[in-house]
Amino acid sequence: MIPAINNLSKFCVRHLSTGLIRMADSSIAQLRVSYRDKSDVLLEDNLESKNPHQLFSIWFKKASERDDVRQPNAACLATATKSGIPSARFVLLKAFDESGFTFFTNSESRKGRELEENPVAALTIYWDALDRSVRIEGAVEKISEAESTEYFDTRPKSSQIGAHVSRQSTVIASREVLSELNAKLENEYMDKPVPRPLYWNGYKIIPRTIEFWQGQSDRLHDRIVFERAEYSREKPNVYHLGENGWVFYRLSP
Ligand SMILES: Cc1cc2nc3c(=O)[nH]c(=O)nc-3n(C[C@H](O)[C@H](O)[C@H](O)COP(=O)(O)O)c2cc1C
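Treat the numbers as computed from the prediction; the structure is a model and nothing was measured. In this numbering scheme, every chain counts its residues from 1 along its sequence in written order. With the structure being a predicted model, the display of local features is reserved for residues of pLDDT at least 70 and the display and counting of side-chain atom pairs for 80 or more, all residues being used for whole-chain, interface and lining totals.

Draft legend 1. Spatial organisation of the site of the ligand. In the region of the ligand, 16 residues are neighbours, and Arg89, Thr105, Ser109, Arg110 and Ser169 sit closest. Elements are defined by DSSP. Helices are runs of H or I of four residues or more, strands are runs of E of two residues or more, and each kind is numbered from the N terminus. For the shell around the ligand, the secondary structure elements donating two or more residues are strand E2 (86-97), strand E3 (100-106) and helix H4 (110-117). Top contributing element to the shell around the ligand by residue count: E2, with 5 residues. In this analysis, residues qualify as near a molecule or strand once their C-beta atom, positioned from backbone atoms, comes within 6 Å of it.

Now the structure itself:
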């Protein structure tokens, strides 16, 4: 059983004596923010779209228009080994449409290796300023070489060189290893275009579910999950027909 906050405080002081735990108890555990007004709720009938791709696009546009959301496309990507050991890190969402959600990375990185042996992922975005989060889960496919090259060619030259410099997720002796190679490649490519390294690729998550979460001050947060109809188990009376092959339902917060 989880002790109440006051009891927890005594519990921590009595049993857990590291500074870190005390700090967590006296500050982090007490953090509370207000979310939305009770009247501003997400209802099945007033969703701005019943196609989750369109709804994502509407939410993303809203986040992008705000000055207090600096990187609306920053998303936490979770992958796992075939045996189920998970890992998560942030990536930048670079494209989305009805076919899926695309990010770019080094295929030899930890996430790249995990996606190779277990091509499924979960991607979670949190827009603090909007009290909103979106969770996307599904199978992952590499996009075509031509599409990856097309995007790579639009990147600033420094980022293109960076992709050559970094053998992502490998151990290196020091920062100098990177800066020396970077300087060498800057020189080498001074007057010529930088080719895309073959290990640098785009990946697309083909969503099976997309959840829209909106925080409420009374903690009765809204959670609307869209699921591809072909995967959806029958949930009579609680699932609703969405558009374009999706159904949706509400989850308890
Ligand atoms: C906001 C943010 C955005 C990032 N975007 C990317 C990205 O688009 N692609 C990428 O490979 N790494 C990106 N990174 C770095 C990754 O989080 C991570 O350090 C790196 O990809 C290695 O992860 P891995 O060892 O689990 O494969 C980003 C980090 C942050 C904090």
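Draft legend 2. Quick peek at the pairing of strand E1 (residues 74-80). Residues of E1 alternate between two faces, with Ala75, Leu77 and Thr79 buried on one and Ala74, Cys76, Ala78 and Ala80 left unburied on the opposite face. Strand pairing is assigned whenever DSSP detects at least two bridges linking the two strands. In terms of strand pairing, E1 meets E2 through 7 bridges, oriented antiparallel. The residue bridging Ala74 from the neighbouring strand is Leu92, located in E2. Joining the antiparallel neighbours E1 and E2 is a turn of 5 residues, in which Gly84 adopts a positive phi near 100°. Whether a residue is buried, exposed or partly exposed follows from its count of other C-beta atoms within 10 Å of its own C-beta, namely 20 or more, 12 or fewer, or something in between, respectively; the C-beta atoms are built from the backbone.

Draft legend 3. The arrangement of the packing of helix H6 (residues 157-165) against helix H7 (residues 175-188) in detail. Relative to each other, H6 and H7 sit at 125°, their axes nearing to 9 Å. It follows that H6 is oblique to H7 by the angle criterion. Remark: the crossing between H6 and H7 carries right-handed chirality. Across from Ile161, His164 and Val165 in H6, the residues of H7 making contact are Leu178, Leu181, Asn182, Leu185 and Glu186. By the convention adopted, Pro, Cys, Tyr, Trp, Phe, Met, Ile, Leu, Val and Ala count as nonpolar, Lys, Arg, Asp and Glu as charged, and the other residues, Gly among them, as polar. Considering only residue class, the contact of H6 with H7 consists of 5 nonpolar, 2 polar and 1 charged. In this analysis, axes come from line fits to C-alpha atoms, helices being fitted only over the stretch in contact, and the angle between any two N-to-C directions falls in the range 0 to 180 degrees. Convention used here: angles under 35 degrees read as roughly parallel, angles over 145 as roughly antiparallel, angles from 65 to 115 as roughly perpendicular, and any remaining angle as oblique. We call a crossing left-handed when the near helix sits turned anticlockwise from the far one by less than a right angle, and right-handed when that turn is clockwise. Contact definition: two residues whose C-beta atoms, as placed from backbone geometry, lie within 7 Å.

Draft legend 4. Layout of the nonpolar core. Ala121, Leu123, Val134, Ile136 and Ile205 are the most contacted members of the largest nonpolar core, which has 29 residues in total. If you list the elements that add at least two residues to this core, you get helix H3 (52-64), E1, E3, strand E4 (120-127), strand E5 (132-142), strand E6 (200-214), strand E7 (222-228) and strand E9 (246-250). By residue number, the principal contributor to this core is E6, which donates 6 residues. Contacts of Ala121, omitting those with residues within four sequence positions, involve Leu77, Ala78, Thr79, Leu115, Val140 and Ile205. By convention the nonpolar core is taken to be a set of buried residues drawn from Ala, Val, Leu, Ile, Met, Phe, Trp, Tyr and Cys and joined through C-beta atoms within 7 Å.

Draft legend 5. Layout of H3. The span expected for a helix works out to 1.5 Å for each residue beyond the first. Given a rise of 1.5 Å per residue, 13 residues ought to cover 18 Å, and the 18 Å separating the end C-alpha atoms of H3 matches this to within 8%. The set of residues buried in H3 consists of Pro52, Leu55, Phe56, Trp59 and Ala63. Projection of H3 onto a plane perpendicular to its axis shows the buried side chains occupying an angular sector of 100°, all on one side. Exposed residues pointing more than 90 degrees away from the buried face of H3 are listed as Ile58, Lys61 and Ser64. Structurally, H3 contributes buried residues whose contacts are with E2, E4, E5, E6, E7 and E9. By definition, the arc is the one covered by directions from the helix axis to the C-beta atoms.

Draft legend 6. Structural detail: the environment of Glu145. Here Glu145 is to be found in helix H5 (residues 145-152). Glu145 sits in the exposed class, given 12 other C-beta atoms within 10 Å. C-alpha of Glu145 to C-alpha of Arg196: the two residues are 51 residues apart in sequence and 9.5 Å apart in space.

Draft legend 7. Representation of H4. Taken as a whole, H4 has its buried residues at Lys111, Glu114 and Leu115. Along the axis of H4, the buried residues cluster in a sector spanning 100°; they form a single face.

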